[in-house]
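For reference, the chains in residue letters:
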Amino acid sequence: MYTLITVLTYCLDAVLITKYLDNLLKSRTTVFKYFYPALCMVELVIYFCGYISDHFNIHYGSLINIAVSMITTFLLTFFYEGRLSTKIFSAISFQVFVFISEMLCTIVVKTVDSNFLSNPDQKLVSCIMNTASEALLLMFVLLSGTFWKKRAYPSVEYSLLLYSTPTVSLMIYVVMVIEDLPRNINTHVYSAVIIGLLLLNIVNYILIDMTCKNIMVENENNDLIRQLNFQKEKYYQLNESYKQGRRIIHDIKKHYFVIKEYAAECNNEKITDYLDSAINGLESTYVRYNTGNLVIDSMLTNYENISIKNSVSFKASINVDNKLIPVKEY
């Protein structure tokens, strides 16, 4: 029982380290495929370090555990891209959260039952304290993700679901302390409860996190579909502009023939009148908008042409200062 609890505790710790580094650091490197074997090695090193440090003075043992945990976490940061200062901060801050979690759990336990830590069954006491601190550490990891805005969850409901499990777990741990184990309840019952809570925290976090990722991917796909539809519309507009350009070329060619005939007759007055009429016709037909922004002019002209083609009334009221448009033309 105790061995299984220890294994699950270290599994939860591995999940928390991974998620914390994902929150703070940039994209993963090309060698990230070796991250999980390295993570397993790190947890083994921390476990054996804790086992060995038990033979030292309690203060020296704590310092050794902190140093090893910080160094191994720092080594894991090299599987991510980012500045060295950010990697150092990630390793130190994670260890600070670990320390705060353990201290808060100790304070709460002493407040609820001052005799709990001196209980004869020290293995079970250690299991409860370790898993409670891991549940509290999970809260800090979730808060760090929200604070640094590395992970934006789809809705408040998903965030509440993520916080609910460690919160309920901590409440159950406090109740277990109040029950003053193991005099009132069998030790195996407590062990089973701890295992269940550990599994619940691990599985709930992973499942909800995967669900959030799937929803974000779905949102990205919807954005891509909208962009694709927008591009299709742009191609349609380009096609209409191409047809319009062909019509302009045809009209200009016709104008040249007429001017050529008038020039052959040396009738300058008719040439002047015809050019005025042709220019006015071109302006009224093709140059309807001149805001100074080619995108706006093109878009309005295109939709007005489509409206005219489909016998739809089209009116535009425009007041544009091209210098004050805060959006790129694209």
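Residues numbered from 1 in each chain as written. Predicted model: local features only at pLDDT ≥ 70, side-chain atom pairs only at ≥ 80, totals over all residues. Heavy atoms only, no water.

This part is about the overall build of the protein. The helix and strand inventory of the protein stands at nine helices and zero strands. The order of helices and strands in the protein, counted from the N terminus, is α-α-α-α-α-α-α-α-α. For the protein, contacts bridging at least 24 residues in sequence account for 72% of all contacts bridging at least 6. Accessible area for the protein stands at about 21,000 Å²; split by element, carbon and sulfur atoms hold 64% of it. (Helix = DSSP H or I, 4+ residues; strand = E, 2+ residues; numbered from the N terminus. Contact = heavy atoms within 4.5 Å. Areas by Shrake-Rupley, 256 points an atom, 1.4 Å probe, with all protein chains shown as cover.)

For side chains bearing opposite charge, pairing can occur when the charged atoms are close. Summed over the entire model, instances satisfying the criterion amount to two salt bridges. Ionic pairing is found between arginine 28 and aspartate 22, a salt bridge with its closest N-O pair at 2.8 Å. On the accessibility criterion, arginine 28 (33% relative accessible area) is partly exposed. Across the salt bridge formed by aspartate 223 and arginine 226, the nearest N and O atoms sit 2.0 Å from each other. In this pair, aspartate 223 and arginine 226 both sit in helix α7 (residues 187–264), three residues apart, roughly one turn of the helix. Look at aspartate 223 and you get partly exposed, because its relative accessible area is 33%. For arginine 226, a relative accessible area of 52% puts it in the exposed group. (Salt bridge = Lys/Arg side-chain N within 4 Å of Asp/Glu carboxyl O. Buried < 20%, exposed > 50% of the residue type's maximum accessible area, 1.4 Å probe, protein only.)

Turning our attention to the nonpolar core. Core analysis: the biggest nonpolar cluster contains 53 residues, and Phe35, Leu76, Tyr173 and Ile194 have the highest contact counts within it. Elements supplying a minimum of two residues to this core: α1 (2–24), α2 (35–53), α4 (84–112), α5 (122–147), α6 (156–178) and α7. Among the elements that take part in this core, α5 stands out by supplying 14 residues, more than any other. Not counting chain neighbours up to four residues away, the residues in contact with leucine 76 comprise Ile17, Leu21, Phe35, Ala38, Leu39 and Val42. (Core = buried A, V, L, I, M, F, W, Y, C linked by side-chain atoms within 4.5 Å.)

Glancing now at unusual backbone geometry. Although it is not a glycine, serine 311 sits at a positive phi angle of roughly 55 degrees. In this structure, serine 311 sits in the segment after α9 (294–309). Assessed through its relative accessible area of 70%, serine 311 is described here as exposed.

So, about α4. Over its 29 residues, α4 extends 42 Å from the first C-alpha to the last, a length consistent with the 42 Å expected when each residue adds 1.5 Å. What α4 keeps buried is the set Lys87, Ser90, Ala91, Ser93, Phe94, Gln95, Phe97, Val98, Ser101, Cys105 and Val109. (Expected span 1.5 Å × (residues − 1).)

Enumeration according to the criterion identifies 10 aromatic pairs in this entry. Note on phenylalanine 97 and phenylalanine 140: the rings are 5.2 Å apart at their centroids and 15 degrees apart in plane angle, and the pair reads as stacked. In this pair, phenylalanine 97 is assigned in helix α4 and phenylalanine 140 in helix α5, connecting sequence segments 43 residues apart. Both residues of the pair, phenylalanine 97 and phenylalanine 140, belong to the buried class. In textbook terms, an aromatic cluster arises when at least three aromatic residues are bridged by ring pairs, as seen for Phe32, Phe35, Tyr36, Phe79 and Tyr80. (Phe/Tyr/Trp six-rings, centres within 6.5 Å; stacked < 30°, edge-to-face > 60°.)

Before going further, it helps to examine the side chain of threonine 72. Inspection of the secondary structure assignment puts threonine 72 in helix α3 (residues 58–76). The class for threonine 72 is buried, based on a relative accessible area of 9%. Here the side chain of threonine 72 touches serine 69 through a polar contact of 3.0 Å, landing on its backbone oxygen. With near-sequence residues (within four places) excluded, threonine 72 lies in contact with Val42, Val45 and Ile46. (Polar contact = N/O pair within 3.5 Å; in protein donor to acceptor, adjacent residues only side chain to side chain.)

What follows covers α9. The first and last C-alpha atoms of α9 sit 22 Å apart over 16 residues, in line with the 22 Å expected at 1.5 Å per residue. If you check which residues of α9 are buried, you get Asp297, Leu300, Thr301, Asn302, Glu304, Asn305, Ile306 and Ser307. In the segment just after α9, serine 311 is the residue with positive phi, at about 55 degrees.

This part is about a nonpolar patch on the surface. A contiguous nonpolar patch, built from Ile71, Leu75, Phe78, Leu84, Ile88, Ile92, Val96, Phe99, Ile100, Met103, Leu104 and Ile107 and spanning about 1,000 Å² of accessible area, is present on the exposed surface. Elements with a contribution of two residues or more to the nonpolar patch: α3 and α4. With nine residues, the single largest contributor to the nonpolar patch is α4. Structurally, the position occupied by leucine 104 is in helix α4. Residue classification places leucine 104 among the partly exposed residues on the basis of a relative accessible area of 35%. (Patch = residues over 30% accessible without salt bridge, like charges linked within 9 Å, V, L, I, M, F, W, Y side chains within 5 Å.)

Time to look at the environment of isoleucine 71. Inspection of the secondary structure puts isoleucine 71 in helix α3. In this structure the C-alpha to C-alpha distance between isoleucine 71 and isoleucine 92, which are 21 residues apart in sequence, comes to 9.0 Å.

Along the chain, lysine 19 turns up in helix α1. The buried category is assigned to lysine 19, whose relative accessible area is 15%. Those residues in contact with lysine 19 that lie beyond four places of it in its chain are Val141, Tyr205, Asp209 and Lys213.

The next thing to look at is the state of the cysteines. What makes a disulfide is a covalent bond joining the sulfur atoms belonging to two cysteines. Scanning the model with the defined rule gives zero disulfides in all. The thiol of cysteine 11 is not disulfide-bonded; the next cysteine sulfur, from cysteine 40, is found 8.1 Å away. (Disulfide = S-S within 2.5 Å.)

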